[in-house]
Amino acid sequence: MMIKRTARCKATRDTIWRTCFQDVTKWPEWDPDLKEVTDASGECVDGTTMTFHMADGGGPFFMKCASVSINNHLEFTGRFLLGFAGAKGTFDLKDTAKSTSAIPETEVVYTFGLTGVLGAIFGSLNKKGITKGVEEGLENIIAMSEAAQGKE
């Protein structure tokens, strides 16, 4: 089960990236489900690894960034419960047709879900909570990025 949400942001892709994604240890600032990210191997690039500690006490979960295209796309994935469950999130950033350098507008697409046999079961049981986390996370990304736009 994957949850996908889209929003428009009045900030450049570069501002969104630097504000919300570049430093993986700062992801809890926008993700309400994360308490802390530790053991980061570096900034968000292909192969970056990190450990998620959840706000509800869950974890730790070892995660890895993949398919990273700075200012455009990223994936983060991890497996747990002996590989019978996992998590996958993706972000896509794209300039809208009416975006200009003076008035930027970016479409932000956030997709997240639990994978594997046990992930599918847990995801079905907690669909409302997962959806809320995706929606609040996306709202926070938009608010933080719009506040940062032009302040660099």
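The model shown is predicted, which means the values in this text are computed figures rather than measured ones.

Examining the overall build of the chain
Part 1 of the reasoning: Within the chain, the regular secondary structure consists of three helices and seven strands.
Part 2 of the reasoning: In sequence order, the secondary structure elements of the chain are arranged as β-α-β-β-β-β-β-β-α-α.
Part 3 of the reasoning: At 15 Å, the chain has a C-alpha radius of gyration in line with the 15 Å of a compact globule built from 152 residues.
Part 4 of the reasoning: For the chain, with 152 residues in total, the buried portion stands at 41%.
Part 5 of the reasoning: Expressed as a percentage of contacts within the chain between residues at least 6 apart in sequence, the contacts between residues at least 24 apart total 50%.
Part 6 of the reasoning: For the chain, the accessible area works out to roughly 8000 Å², and carbon and sulfur atoms hold 54% of it.
Part 7 of the reasoning: Taken together, the 17 basic and 20 acidic charged side chains of the chain have centroids lying 5 Å from each other.

Let's talk about the nonpolar core
Part 1 of the reasoning: Core analysis: the biggest nonpolar cluster contains 36 residues, and Phe21, Trp27, Phe52, Leu74, Phe76 and Phe91 have the highest contact counts within it.
Part 2 of the reasoning: By residue number, the principal contributor to this core is helix H3 (residues 127–148), which donates five residues.
Part 3 of the reasoning: Setting aside residues no more than four positions away along its own chain, Phe52 makes contact with Trp27, Leu34, Glu36, Val37, Gly59, Pro60, Phe61, Met63 and Phe76.

A closer look at the sheet that holds strand S4 (residues 61–69)
Part 1 of the reasoning: The strand order S1-S7-S6-S5-S4-S3-S2 describes an open sheet built from seven strands, whose pairing is antiparallel. Two strands close off the open sheet at either side, each with one partner strand: strand S1 (2–9) and strand S2 (34–38). Ignoring which end each strand starts from, the neighbouring axes of this sheet average 20° apart.
Part 2 of the reasoning: As defined by bridge partners, strand S5 (residues 73–80) adjoins strand S6 (residues 85–95) across eight bridges and the pair is classed as antiparallel. Following the sheet pairing, His73 is matched in S6 by Asp92.

A few points about the packing of aromatic side chains
Part 1 of the reasoning: Scanning the model with the defined rule gives twelve aromatic pairs in all.
Part 2 of the reasoning: Residues Trp30 and Phe91 carry aromatic rings whose centres are separated by 5.4 Å and whose planes lie at 90° to one another, so their mutual orientation is edge-to-face. Of this pair, Trp30 sits in the loop between helix H1 (13–21) and S2 while Phe91 sits in strand S6, and the two are 61 residues apart along the sequence. Per residue, the accessibility class of Trp30 equals that of Phe91, and both read buried.
Part 3 of the reasoning: Here the aromatic rings of Phe91 and Tyr110 are separated by 4.1 Å at their centres, their planes lie at 15°, and the arrangement is stacked. Of this pair, Phe91 sits in strand S6 while Tyr110 sits in strand S7 (residues 106–115); the two residues are 19 residues apart in sequence, bridging distant segments of the chain.

Calculation criteria
Residue positions within a chain follow its written sequence, with the count starting from 1. Reporting of local features is limited, given that this is a predicted model, to residues whose pLDDT is at least 70; pairs of side-chain atoms are given and counted only at 80 or more, and all residues count toward the totals for whole chains, interfaces and linings. Note that the side-chain values use all heavy atoms of the structure and ignore hydrogens as well as water. Starting at the N terminus, helices and strands are each numbered in turn, a helix being any DSSP run of H or I of at least four residues and a strand any DSSP run of E of at least two. Within these notes, the globule rule equals 2.2 Å times the number of residues to the 0.38 power, and the radius of gyration is based on C-alpha atoms. Per-residue accessibility, obtained with a 1.4 Å probe over protein chains only, is compared with the maximum for each type, and a residue is labelled buried under 20%, exposed over 50%, and partly exposed between these values. Contacts are assigned to residue pairs with any non-hydrogen atoms lying within 4.5 Å of each other. Computed with the Shrake-Rupley method and a 1.4 Å probe, the accessible areas treat only the protein chains shown as cover for residues. Positive charge is attributed to Lys and Arg, negative charge to Asp and Glu, and no charge count is given to His or to the chain ends. Note on charges: their place is set at NZ of Lys, CZ of Arg, CG of Asp or CD of Glu. What we call a nonpolar core is a set of buried Ala, Val, Leu, Ile, Met, Phe, Trp, Tyr and Cys residues that are connected through their side-chain atoms within 4.5 Å. Should DSSP find at least two bridges between two strands, the strands are taken to pair. Lines fitted to the C-alpha atoms define the axes, with helices restricted to the stretch that makes contact. Angles between their N-to-C directions range from 0 to 180 degrees. Any two of the Phe, Tyr and Trp rings considered here, Trp counted by its six-membered ring, make a pair once their centres fall within 6.5 Å; the pair's planes then place it as stacked at under 30 degrees, edge-to-face at over 60, or tilted in between.

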